[in-house]
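# Architecture at a glance
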Amino acid sequence: MRFGSVPTLMAAGHILAHALSLPDQRLRKGHVLTVADRDRIIASGIEMIIVAQLEPDDVVEDRAATRVGQPLAGPGLTQGAAFTGRVNLFAASDGLLVLDRAVIDRANRIDEGVTIATLPPFTPVVAGQMVATVKIIPFAVPESIISQVEQVLGEPSIRLSPWAGLSVGLVQTLLPGTKPGVLDKTRAVLAQRLAGIGAGLAWEQRVAHEETALAAVLAANRADLLLIVGASAITDRRDVIPLALEQAGGTVRHLGMPVDPGNLLMLGERQGKPVLGLPGCARSPKLNGVDWLLWRFGAGLDVAPDDIMAMGVGGLLAEVAERPVPRAVGARQPRIHGLILAAGSSRRMGQKNKLLLPLQGKPLLRHVVDAAAASQLSGLTLVTGHDDAAVRAMLDGQPLHITHAADHAAGMSASLKAGLASLPADLDGVMVLLGDMPLVRAADIDRLIAAFSPADGRGICVPSHGGQRGNPILWNSTYLPEMQGLSGDRGARDLLLRHATAICDVPMDHDGVLRDADTPEALADLIALTGER
């Protein structure tokens, strides 16, 4: 890739290196300049411009990021679409992040232009949380570099191990003078810990801090995971808790751990199930070594003595105030709800409802619904109006919520407001899809979601092709009150003019984002076009 200044007259087809504000438009960094862009730039008096020019073997940033992300993402992860050379990986469910650090380190050392960042290994995460990101630094990298990264990554090196839903038993031992309130608090703290990993406290038993009595309890009870909190800390393999476990037919696998707080922990096993003798810090809700083991067991992973002995680096936790709360830390996938407008009366189509007309063997509206359902939208709402019963019957069983716009004849804004009024709370944004645009693909929707970043000035994401803007449009939720105040048949087009500086044009590689079926002629063109495919 060549990078530098060229005469503006020669800039068409090259990548804009820096954002450029023109009197009537703002061109963002990374935009591929069209002839029309070039002419507007020249008209504004700019004779030289900094661009990136691709070499024949270059892989553009979005394609490069996608290729790196594909071998990186393993089970339990979803991969976002690429935008500005970035692809994010998200957790598909709650669970524990497991990764091969050595492989990722090798991939990061191949070339400075390709970077992979992840959360630390064995981090507990929640569904939708970002766990890794691939970022291509320049606008393009050579094919040889990407091929080398793909080869190093090989099999997926990042995966999510979901919580296994463990049933846990708790035994607490007592010495003379042990206060019941301390034991009650310990149970409550541990129950909270277990709830965070999808596990449940099935039973609790309290017994004297004496090996024979404790052994009898251990032998009589079963659980997926057994926790023992002693009235006195374990200091030796011949102490009460280790001896009681062995007397009950169990085995002590390891004693002690290089994590503080958490040093005095025992790892054992009985009848193939793990047994943990917990240190006194387990009574506190603050992060300690107990959490590190519970996370792994909760995700169905084994913990060997070698695993514990490798926890020393980073194991000094004295300054960590609380256990991490995944929902409060770390980036997550934006919650974008899809709103499909399907209430129009199809006046320009004649007597028939265009949304019910066949295209490639199914109703035109079903193409839009199927694409939206296959995308990374967090949910779907469809607005009916004209032919409400027929539209509902055609969509029976589809994964969406349907609402009716009683005043749909008042125009598109009435349908839009009816849909907005029925949306769930706590959304980051809403993507408004038109029911008569069957060539919009799930990949187009995902690319708009990937572009969405209000903090970076991308609060309204609009697809474009050949310099022309189309649909669907993704709106930051902050614009929803204004959308509720619209009237007439113009939809939200006036808002685009009002908030032009927040618009991010998202280039698409096909014109499906421009094609609707408003007229018989337009539908005939769609039929001819899809027939060619």
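As a starting point, this report considers the structure included with it. The model shown is predicted, which means the values in this text are computed figures rather than measured ones. (Residues numbered from 1 in each chain as written. Predicted model: local features only at pLDDT ≥ 70, side-chain atom pairs only at ≥ 80, totals over all residues. Heavy atoms only, no water.)

## Brief notes about the overall build of the chain
Of regular secondary structure, the chain possesses 16 helices and 30 strands. If you line up the chain on its principal axes, its C-alpha atoms span 85 × 60 × 40 Å. When the accessible area of the chain is evaluated, it comes to approximately 23,700 Å², of which 53% is carbon and sulfur surface. For the chain, the centre of its 49 positive side-chain charges and the centre of its 55 negative side-chain charges are spaced 3 Å apart. (Helix = DSSP H or I, 4+ residues; strand = E, 2+ residues; numbered from the N terminus. Areas by Shrake-Rupley, 256 points an atom, 1.4 Å probe, with all protein chains shown as cover. Lys, Arg positive; Asp, Glu negative; His and termini not counted. Charge placed at Lys NZ, Arg CZ, Asp CG, Glu CD.)

## Let's talk about the pattern of salt bridges
Note on pairing: side chains with opposite charge can pair once their charged atoms come close. Applying the stated criterion across every chain, the model contains 27 salt bridges. One salt bridge connects Arg253 with Asp302, and the closest N-O pair in it is separated by 3.4 Å. Highlighted residues: Arg253 in strand S18 (residues 251–255) and Asp302 in the loop between helix H8 (289–298) and helix H9 (305–309), separated in sequence by 49 residues. Of the charged contacts, one joins Arg515 and Asp511 as a salt bridge, the two residues approaching to 2.9 Å between their closest N and O atoms. What makes Arg515 partly exposed here is its relative accessible area of 27%. When its relative accessible area of 22% is taken as the criterion, Asp511 is described as partly exposed. A cluster of three or more residues bridged by salt bridges with shared partners is formed by Asp184, Arg187, Glu204 and Arg206. (Salt bridge = Lys/Arg side-chain N within 4 Å of Asp/Glu carboxyl O. Buried < 20%, exposed > 50% of the residue type's maximum accessible area, 1.4 Å probe, protein only.)

## Let's talk about the environment of Gly113
Within the fold, Gly113 resides in the loop between helix H3 (101–108) and strand S10 (114–118). As a C-alpha pair, Gly113 and Ala304 span 191 residues in sequence and 38 Å in three-dimensional space. What Gly113 contacts, discounting residues up to four positions off in sequence, is Lys135, Ile136, Ile137, Pro138 and Val141. (Contact = heavy atoms within 4.5 Å.)

## Observations concerning the packing of helix H6 (residues 211–220) against helix H7 (residues 240–247)
Two packed helices can be described by the angle between their axes and the distance between those axes. In the contact formed by H6 and H7, the axes pass within 8 Å of each other and the chain directions differ by 50°. Classified by the angle their axes make, H6 and H7 are oblique. H7 is crossed by H6, and the crossing has right-handed handedness. Mapping the contact onto sequence places Glu211, Thr212, Leu214, Ala215 and Leu218 in H6 and Val240, Ile241, Leu243, Ala244, Leu245 and Gln247 in H7. In the contact of H6 with H7, the residues fall into 8 nonpolar, 2 polar and 1 charged. (Axes fitted to C-alpha atoms, helices over the stretch in contact; angles between N-to-C directions. Parallel < 35°, antiparallel > 145°, perpendicular 65-115°, else oblique. Left-handed = near helix turned anticlockwise from the far one by under 90°. Nonpolar A, V, L, I, M, F, W, Y, C, P; charged D, E, K, R; others polar.)

## Examining the packing of aromatic side chains
In the structure shown here, the tally under the stated rule is 1 aromatic pair. Measuring from ring centre to ring centre gives 6.1 Å for Trp475 and Tyr479, while their planes differ by 75°; the resulting arrangement is edge-to-face. Judged by relative accessible area, Trp475 falls into the buried class, the value being 1%. Note that Arg296 overlies the ring of Phe122, its terminal NZ or CZ placed 3.6 Å from the centroid. (Phe/Tyr/Trp six-rings, centres within 6.5 Å; stacked < 30°, edge-to-face > 60°. Lys NZ or Arg CZ within 6 Å of the ring centre and 35° of its normal.)

## Examining the side chain of Arg296
Along the chain, the position of Arg296 falls in helix H8. Nearest to the buried, unbridged Arg296 among oppositely charged side chains is Asp307, at 4.3 Å. Setting aside residues up to four positions removed in sequence, Arg296 forms contacts with Leu96, Phe122, Leu301, Val303, Asp307 and Met311.

## Looking at the sheet that holds S10
Strands in a sheet are paired, the pairing made by backbone hydrogen bonds, and the direction either parallel or antiparallel. Reading across from one edge, S7-S8-S12-S10 is the order of the 4 strands in this open sheet, with antiparallel pairing throughout. On the outer flanks of this sheet lie strand S7 (77–79) and S10, each paired with one strand and no other. Each adjacent strand pair in this sheet contributes to an overall mean axis angle of 15°, direction not counted. Sheet analysis places S10 next to strand S12 (residues 130–136), joined by 5 bridges and oriented antiparallel. (Pairing = 2+ DSSP bridges.)

## Comments concerning unusual backbone geometry
Looking along the chain, the bond that leaves Asp260 and enters Pro261 is cis, with omega of 5°. Looking at the secondary structure, you find Pro261 in the loop between S18 and strand S19 (266–270). Look at the link from Asn471 to Pro472: it is a cis peptide, with omega at 5°. Locating Pro472 in the fold gives a position in the loop between strand S28 (468–469) and strand S29 (473–476). Despite not being glycine, Phe122 has its phi angle at roughly 60°, a positive value. Tracing the chain through its elements places Phe122 in the loop between S10 and strand S11 (124–125). Positive phi, close to 60°, is recorded for Asp426, a residue that is not glycine.

## Side note on the sheet that holds S11
With antiparallel pairing, the 3 strands of this open sheet are ordered in space as S11-S9-S14. The open sheet has two edge strands, S11 and strand S14 (158–162), and neither has a second partner. Looking at chain direction, strand S9 (residues 95–99) and S14 are connected through 5 bridges and run antiparallel. In the sheet register, Leu96 faces S14, and the bridge partner there is Ser161.

## Structural notes on helix H1 (residues 35–43)
Among all positions in H1, only Asp37, Arg38 and Ile41 are buried. Seen from one end, H1 has its buried residues packed into an arc of 100°, which puts them on one side. Buried residues along H1 sit in contact with strand S3 (20–22), strand S4 (25–27) and strand S5 (48–53). (Arc of directions from axis to C-beta.)

## Things to note about the side chain of Asp58
Among the secondary structure elements, Asp58 is positioned in strand S6 (residues 58–60). Of the side chains bearing the opposite charge, Arg2 lies closest to the buried Asp58, which forms no salt bridge; the N-O distance is 7.9 Å. Engagement of the side chain of Asp58 in a polar contact is seen with the backbone nitrogen of Met1, the distance being 3.1 Å. Within polar-contact distance, the side chain of Asp58 engages the backbone nitrogen of Glu55 at 2.8 Å. (Polar contact = N/O pair within 3.5 Å; in protein donor to acceptor, adjacent residues only side chain to side chain.)

## Focus: the nonpolar core
Leu365, Leu382, Trp475 and Met483 are the most contacted members of the largest nonpolar core, which has 65 residues in total. Ignoring anything within four residues of it in the chain, the contact list for Trp475 reads Asp428, Gly429, Val430, Val432, Phe452, Gly459, Ile460, Met483, Ala492, Leu495 and Leu496. Formed by 33 residues, the second largest nonpolar core is a distinct cluster that contains Leu190, Ala299, Met311 and Leu317. (Core = buried A, V, L, I, M, F, W, Y, C linked by side-chain atoms within 4.5 Å.)

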